[in-house]
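Chain residues, written in single-letter form:
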Amino acid sequence: MKSFFAGIVRTLSPGISLVLGLGIISAVIVALLPLQPRGGIEIWLGDGNHANLYRALAPEWNRRHPDLPLTVSLISGPALQSRMLSGFYSGTPLPDLIEVERGQIGQVFAGPLQDVGFVDLTDLLARDGLAHEMDSASYSPWTSRGRIFGLPRGAHPVMLAYRSDLVEAAGIDVKQIETWDDYFRLMRPLLQDLDGDGYIDRYPLTISLTNASFSEIFLIQGGGGYFDGMGNPLLNSDANVRIVARLATWYAGPGRVIGDINMYTGAGLRLLREGYAVAIPSADWYVGNLPVTLPSLAGKIKLMPLPAWERGGRRTSANGGTMIGVTKASKHPEIAWELAKFLYFSPVIARQLYDLTHIVSPVKSTWGASYYDRPEPYFCGQPVGRLLQQAIPDIPPRPSSPYLSSAVQLVNSVITQLMAITDRQGYVRPEQAAGDARRLLDEAQHTLLDQIHRNVFQAQAIP
Amino acid sequence: MSSRRPHPAWAPWLFLAPFLLFFAAFGAWPLVRSFMLAFEQTFGPRTTVYVGTLNFRFLLHDPLFWAAVRNTAVFTIGTLVVQVPVALALALLLNRPDLRGRALFRLIFFSPTIVGSIFVGVIFSLLLEKRSGLVNTVLHAAFHSWNPDFPWVDGFVMPSLLIASLWLSVGFNMSYLLAALQNVPGDQLDAAAIDGANAWQRFRHVTLPAIQPVIGILVLLTVVGALQLFDLPFILYADSFGNGPNNAALSIVTYLYQTGFRSGDLGYASAIGWILTIILVLIALGYRWLTREEDAAA
C-alpha cells in the first residue's frame with residue numbers, strides 16, 4: 001500500500017497530485033456529511049391550486065401537530081410520476097402522501113396487490129365510518145382488485161357546455177333535448193357552412209377523437225367502458241359496440257355531425273371562441289377553466305346535462321381526476337391518514353377548491369352547501385355548482401387497470417378504423433356500422449387479453 | 001536532455017479507472033441487467049419472475065409490435081429516399097461559386113437542426129392543425145376549394161412525420177455533403193470538362209465517386225436515427241402518447257417507452273430493446289460488408 005501511494009506521488013506531477021488529493025478529501029467529506037433528516041409530514045402533488053390550498057391550511061395542521069409539521073412539495077406531473085415509481089420500485093425516498101392524477105395511477109397497480117406502493121385504505125375507511133361518506137363511483141379509478149388505495153379529490157361530473165348565444169339565436173329550446181338523437185335533430189340548423197365554400201364551419205358538437213379521454217366519456221355514459229370492477233376487460237361488450245358504431249357515424253360518412261378539435265390547445269380554444277364548436281362535453285374542472293381561458297365568452301355559455309343514449313338514460317359521465325394516497329414508506333401512516341382525511345373531507349377546502357376550480361367535492365355532506373347555488377354571470381347566471389353537484393349521484397364508475405392506457409389506445413384505434421370504413425361505405429345509421437364495430441372490438445379485446453394474460457401478476461385475477 | 005523515470009505498470013490502469021468505473025456502472029452493467037430483464041417479468045426491480053423466452057415469443061405475435069416495426073421500416077425507407085437526395089441537391093446548389101449569400105442559405109438550411117426535434121414537433125403540430133393551422137389556412141385562402149379541415153396530421157401520418165423529419169435533418173446532412181463537395185479535386189473536374197464531359201457526366205463520374213464515402217456515412221446515420229424514431233411522433237401525436245390514429249405513428253422506440261414506462265413492463269420493454277439492438281447491429285454489419293472494398297483500398 002505504501003509503495004502504491006509512493007508510486008502515485010512519483011508518477012504524478014505535484015499539481016495533479018494536489019488536485020487528486022483535494023478531490024478525494026472533498027468526496028470523503030461529502031460522503032460523511034449527515035443527511036438532513038426529513039421531519040414532519042410531506043405531500044407531493046402536481047397541481048398548483050391544490051398546493052396553494054394545502055399550504056394555506058398548514059398553520060392549522062402545524063398547531064395541532066407541532067412535532068409533525070406539514071411540507072407541501074409541488075412537482076411537475078412527469079417528474080412526480082417518475083419519482084413515485086422509483087420510490088415504489090426501488091425504495092428511493094418517498095413522502096408520506098402523494099396526490100396522483102388518473103393517467104398516472106394504472107402503473108401503480110401493475111404488480112401483485114401486496115406490492116402496491118400505497119396503503120390499502122379499504123379497512124381504514126370502514127373502521128372510521130367513512131366508506132359511504134363519499135360518492136361511491138368516485139372511488140372506482142383508485143380501486144384495484146376490489147381494494148381502495150386513494151381518496152378522490154373531486155367527483156368530476158361531465159356536462160355539456162354550449163354556446164347559448166348561438167343556440168338561442170337559432171330558436172332552439174334545449175329543454176326539449178333528452179337524448180343524443182334529440183340533440184342532433186334539434187341542433188341540425190347549427191350545422192352550418194357559414195362562408196358558402198362547401199365546407200362545414202360550425203358543428204353542433206365538437207370533440208377530439210384522438211384524445212383518449214373523450215371516448216371514455218361516451219362509453220361509460222352509455223353503460224360501456226374498458227374494464228369491470230375486478231379489472232376484466234370489456235372492450236367488445238354490447239354497449240361498447242352500440243356506442244362505437246354511433247360515434248363513427250356521427251364523426252364520419254355522409255351524416256357527419258361532429259367537429260374535431262382538441263379543446264386543450266390554444267388552437268382549440270380559438271375555434272371555440274369563433275363558434276366552430278357549439279358545444280363541448282366538459283367536466284367540472286374544465287368548466288372552471290372556461291372563464292379563465294375564454295373570458296370573451298362571458299354571458300355566452302351555459303351548461304346542460306349530457307343528452308342520454310336512450311330515454312331515461314344517464315345524463316352525465318366522468319372525466320379526469322386526482323387522488324391522495326398514503327405511501328407505505330410513510331413513517332407515520334396513521335398521522336398521514338389523518339392528514340388525508342383533514343384535506344379531503346374538509347368542508348373549508350371543498351369550498352375553496354370549488355371557488356378556485358369549480359371541482360365539486362365527492363363528500364356527500366358538502367353537497368347541500370349554499371355556494372353551489374351562487375348564480376354565475378359568466379354562465380348567464382346559472383347556478384353552475386348546483387348543476388354539477390346534482391349530476392354526481394348519476395356518475396358511472398370508471399374501474400382502474402394497469403392496462404387502461406392500452407385499452408384506450410385499442411378502442412381509439414377501433415374508432416379510427418371504423419370511421420374510415422364509414423367514410424368508404426357511406427354508412428349513415430349506426431346499425432350499418434355495428435357489424436364492423438363488433439369485429440374490430442372483438443379483435444381489440446383479444447389483443448388486450450393476450451397482453452393481460454402475459455402478466456403473471458395480473459393473470460390470477462383474470463379468468 | 002532530460003531523464004524520465006519509467007512509469008509503473010499499473011499507471012495506465014489508474015488513468016483508465018475513472019472511465020472503466022463509469023462504463024461498468026452506467027454502460028456494461030445496465031446492458032447485462034437489461035439482457036437479464038428481457039427474460040423476466042417485473043414490477044420494479046424488486047418483484048421479478050423468470051419467464052424464459054416468453055417475452056420474445058409474445059413479441060412474435062404482438063400486433064402492436066409488428067405495427068411499430070412496419071411504421072419504423074416505412075419511416076426509415078422514406079427518410080432515406082427523401083433526405084439524402086434532397087440534402088445532396090441543396091449541397092450542390094450551395095456549392096455553386098456564383099451563388100450569392102451562400103453563408104446565409106447555409107445558416108437557414110442548418111437552423112432547424114439547432115432548434116431540436118421537440119421544437120420542430122411543436123411547430124409542425126401547429127402548422128398542420130386542421131382548421132387553424134397555417135398550412136390549411138394559407139391553402140384555403142389561395143384555393144377556395146381547399147378543405148380547411150384537411151387532416152394532414154391524422155390522415156397522412158407518415159408524410160407528416162417525413163416532412164417534419166426532413167425539415168429537421170436536411171441541413172445537417174447538407175453540411176456534411178457540402179464539405180465533401182468542397183473537397184472534390186478541381187483539377188479532375190477541369191480535366192473532365194476539357195475532355196468534353198457535360199455537367200451530368202462530371203457529376204456522375206467525378207463528383208459522386210469522390211463524395212461516396214460521406215454519402216455512405218450519412219446513409220448509415222440516417223438509418224440508425226430513423227430506427228430510433230421517438231420524439232417527433234411523441235409530440236405530434238401527444239394526445240395518443242405517440243401512437244397516432246390507428247397506431248399509424250407508433251414506432252419501435254415509442255412502443256418500448258410505452259411498455260416500459262407507462263405499463264411498467266420493464267422485461268417486455270427490454271426484449272423490444274434487444275430486438276432493436278440486433279436490427280441496428282445487423283444494419284451496421286451490412287454497411288461494413290457493403291463498404292469492405294473501399295475500406296480495403298483506404
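A quick note: this is a predicted structure, and the numbers were derived from the prediction, not measured. (Residues numbered from 1 in each chain as written. Chains lettered and ligands numbered in written order. Predicted model: local features only at pLDDT ≥ 70, side-chain atom pairs only at ≥ 80, totals over all residues. Heavy atoms only, no water.)

K.L.:
What is the right way to look at the pattern of salt bridges in this model?
P.N.:
Residues and elements named next belong to chain A. For the coordinates displayed, the defined rule picks out 28 salt bridges over all chains. Notably, a salt bridge pairs Arg-64 with Glu-60, separated by 2.9 Å at the nearest N-O pair. One end of the pair is Arg-64 and the other is Glu-60, both in helix α3 (residues 48-64) and four residues apart, which spans about a single turn. Looking at Glu-60, the relative accessible area reads 29%, which means it is partly exposed. Here Glu-216 ties to Arg-102 by a salt bridge, and the two come within 2.7 Å at their closest N and O atoms. Within this pair, whereas Glu-216 is found in helix α9 (residues 212-221), its partner Arg-102 is found in helix α5 (residues 102-105), the two being separated by 114 residues in sequence. One exposure class covers both Glu-216 and Arg-102, and it is buried. Where salt bridges share partners, they join Arg-127, Asp-128, Glu-334 and Lys-341 into one cluster. (Salt bridge = Lys/Arg side-chain N within 4 Å of Asp/Glu carboxyl O. Helix = DSSP H or I, 4+ residues; strand = E, 2+ residues; numbered from the N terminus. Buried < 20%, exposed > 50% of the residue type's maximum accessible area, 1.4 Å probe, protein only.)

K.L.:
When you look at the side chain of His-156 of chain A in this model, what are you seeing that I'm missing?
P.N.:
Residue and element names in this part refer to chain A. Looking at the secondary structure, you find His-156 in the loop between β6 (151-152) and β7 (158-163). There is a polar contact of 2.8 Å between the side chain of His-156 and the side chain of Asp-284. If near-sequence neighbours (up to four positions away) are discounted, His-156 is found in contact with Ala-283, Asp-284, Trp-285, Ser-317, Ala-318, Asn-319, Gly-320, Gly-321, Thr-322, Ile-359 and Ile-395. (Polar contact = N/O pair within 3.5 Å; in protein donor to acceptor, adjacent residues only side chain to side chain. Contact = heavy atoms within 4.5 Å.)

K.L.:
I'm lost on the sheet that holds strand β11 (residues 301-305) of chain A in this one. Help?
P.N.:
The strands making up a sheet associate through hydrogen bonds between their backbones, and the pairing can be parallel or antiparallel. Residues and elements named next belong to chain A. With antiparallel pairing, three strands are arranged side by side in an open sheet as β10-β7-β11. Single-partner strands in this sheet number two, and they are β10 (279-283) and β11. Going from strand to strand, the sheet's axes swing by 35° on average, the running direction of each strand aside. Both β7 and β10 contribute to a ladder of five bridges, which runs antiparallel. Residue pairing for β10: Leu-160 is matched across the bridge by Pro-281. (Pairing = 2+ DSSP bridges. Axes fitted to C-alpha atoms, helices over the stretch in contact; angles between N-to-C directions.)

K.L.:
I tried to follow the domain arrangement of chain A on my own but got confused; where do I start?
P.N.:
Interfaces are frequently sized by the accessible area removed from exposure as the parts join. Residues and elements named next belong to chain A. Taken domain by domain, chain A holds domain 1 (41-152 + 320-394) and domain 2 (158-318 + 399-459). Computed over C-alpha atoms only, the centres of domain 1 and domain 2 are separated by 28 Å. Contact with domain 1, which involves 27 residues of that partner, is made by 31 residues of domain 2. Across the domain 1/domain 2 interface, buried area totals approximately 2400 Å², and carbon plus sulfur atoms make up 60% of it. Sorting the residues of domain 1 by area buried against domain 2 places Arg-102, Tyr-378 and Asp-394 first, and these three jointly supply 28% of that buried surface. In this assembly, domain 1 and domain 2 are joined by one salt bridge. Linking domain 1 with domain 2 are nine residue pairs in polar contact (both at pLDDT 80 or more). A per-element tally of the side of domain 1 that touches domain 2 places helix α15 (residues 384-391) first, with four residues. Grouping the amino acids of the side of domain 1 that touches domain 2 by side-chain chemistry returns 15 nonpolar, nine polar and three charged. (Domains from an automatic or database assignment. Buried area = accessible area lost by both parts, 1.4 Å probe. Nonpolar A, V, L, I, M, F, W, Y, C, P; charged D, E, K, R; others polar.)

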